[in-house]
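Commentary on secondary and tertiary structure
As a plain string of letters, each chain reads:
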Amino acid sequence: MIRLTPFRPFATVWLAVLLSVSALPVRADEVYRVLTWKMAPYAMVDEQGRLTGFEVEIARALCDTMGIRCEITALQFPEVLDLLDRNAADFAVASILKTPERMRKYLFTDRHKRSSSSYIGRAGEWSPGVAPDLAGKRISVTRGSKQYDYLTAKNIGGTVVIYDDQADALRAVLDGRVDLALAPTAVTVHLLTSAEGEALEVVGDPLTESGLGGESAIALPLGREELRDRVNMALRAILADGRYDAISSRFLPFRMY
């Protein structure tokens, strides 16, 4: 059950202060490029053909709060990192774990959610609650992800199969091309609640070791400290006024903040 934080009277004054200082001085024709990760429940296209999802709507709420015009684009995870590396985007709300390595490459806001990772496999093939034995197994991951870093850095005794698209990495389990996929827990849970997910199950417990979990934050190219501070102020505002929780409850089965 998701608990919404009551909006208390004293927060009204505090929020007004936040909003007054978070508006960016922008030209009427200026558009900020915002990236999200193209993976449900974070970014997906609804029945009306509109881009939506947890991180898409968080990005929209941040832009509205800052009073800026934003163009939100959903991309595969490696593309998000590549555009940040090339300073070709203003910021990314894309489930990017805040790690020491990445903090040398990007600016980060305060966290906008917590993350963990889970193995997912075909239902009925694994012992309940037991970590999988990876020896001789084929495990899919997404290129550039912390799951990719984790499996490629250690001798697992199996084969790591790399995909650019997280959906393809999960579909490989359904199709029998791999035995397991290692992916963010929220992604695996979202899949399990779908019709095709009935054939799958989470294998073992969620993992946070060695960069598989922790704090995810909004990432910006280096040198964008002023915008980082404005995004932080907007993030605190949507947490205070209940918009964050309202968005979370639409797309996630549990509160990830």
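Residues numbered from 1 in each chain as written. Predicted model: local features only at pLDDT ≥ 70, side-chain atom pairs only at ≥ 80, totals over all residues. Heavy atoms only, no water.

Observations regarding the nonpolar core
The biggest cluster of nonpolar side chains holds 61 residues, and the ones touching the most others in it are L62, F91 and I96. With eight residues, the top contributor of residues to this core is helix α2 (residues 54-66). Residues L134, Y150, L180 and L212 belong to the second largest nonpolar core, which totals 13 residues. (Core = buried A, V, L, I, M, F, W, Y, C linked by side-chain atoms within 4.5 Å. Buried < 20%, exposed > 50% of the residue type's maximum accessible area, 1.4 Å probe, protein only. Helix = DSSP H or I, 4+ residues; strand = E, 2+ residues; numbered from the N terminus.)

What about the packing of α2 against helix α8 (residues 225-240)?
One can describe the packing of α2 onto α8 by two numbers: an axis separation of 9 Å at closest approach and a directional angle of 110 degrees. Looking at the two axes, α2 sits roughly perpendicular to α8. Mapping the contact onto sequence places I58, A61, L62, T65 and M66 in α2 and R230, V231, A234, L235, A237 and I238 in α8. Broken down by class, the residue content of the contact of α2 with α8 amounts to nine nonpolar, one polar and one charged. (Axes fitted to C-alpha atoms, helices over the stretch in contact; angles between N-to-C directions. Parallel < 35°, antiparallel > 145°, perpendicular 65-115°, else oblique. Contact = heavy atoms within 4.5 Å. Nonpolar A, V, L, I, M, F, W, Y, C, P; charged D, E, K, R; others polar.)

What about helix α7 (residues 185-192)?
With six of its eight residues buried, α7 lies for the most part within the structure. Looking at α7, one finds that the buried residues are T185, A186, V187, T188, V189 and L191. Where α7 is buried, its residues contact β1 (31-37), β7 (117-122), α6 (166-175), β10 (180-184) and β11 (200-207).

Re α8
The terminal C-alpha atoms of α8, which comprises 16 residues, lie 23 Å apart, in line with the 22 Å expected from a rise of 1.5 Å per residue. Those residues of α8 lying buried are L227, R228, R230, V231, N232, A234, L235, A237, I238 and A240. The first or second residue beyond α8 is G242, which carries a positive phi of 95 degrees. (Expected span 1.5 Å × (residues − 1).)

Regarding the state of the cysteines
In total, this model carries one disulfide according to the counting rule given. The disulfide that involves C63 links it to C70, with 2.1 Å between the sulfurs. Here the S-S torsion is close to -95 degrees, and the disulfide linking C63 with C70 is therefore left-handed. Judged by relative accessible area, C70 falls into the partly exposed class, the value being 25%. (Disulfide = S-S within 2.5 Å.)

Considerations on the pattern of salt bridges
Per the counting criterion, the structure on display carries 19 salt bridges. With its nearest N and O atoms 2.8 Å apart, the salt bridge here joins R60 to E57. Taken together, the residues span about one helical turn, with R60 and E57 both in helix α2 at a distance of three residues. Given a relative accessible area of 24%, R60 falls into the partly exposed group. (Salt bridge = Lys/Arg side-chain N within 4 Å of Asp/Glu carboxyl O.)

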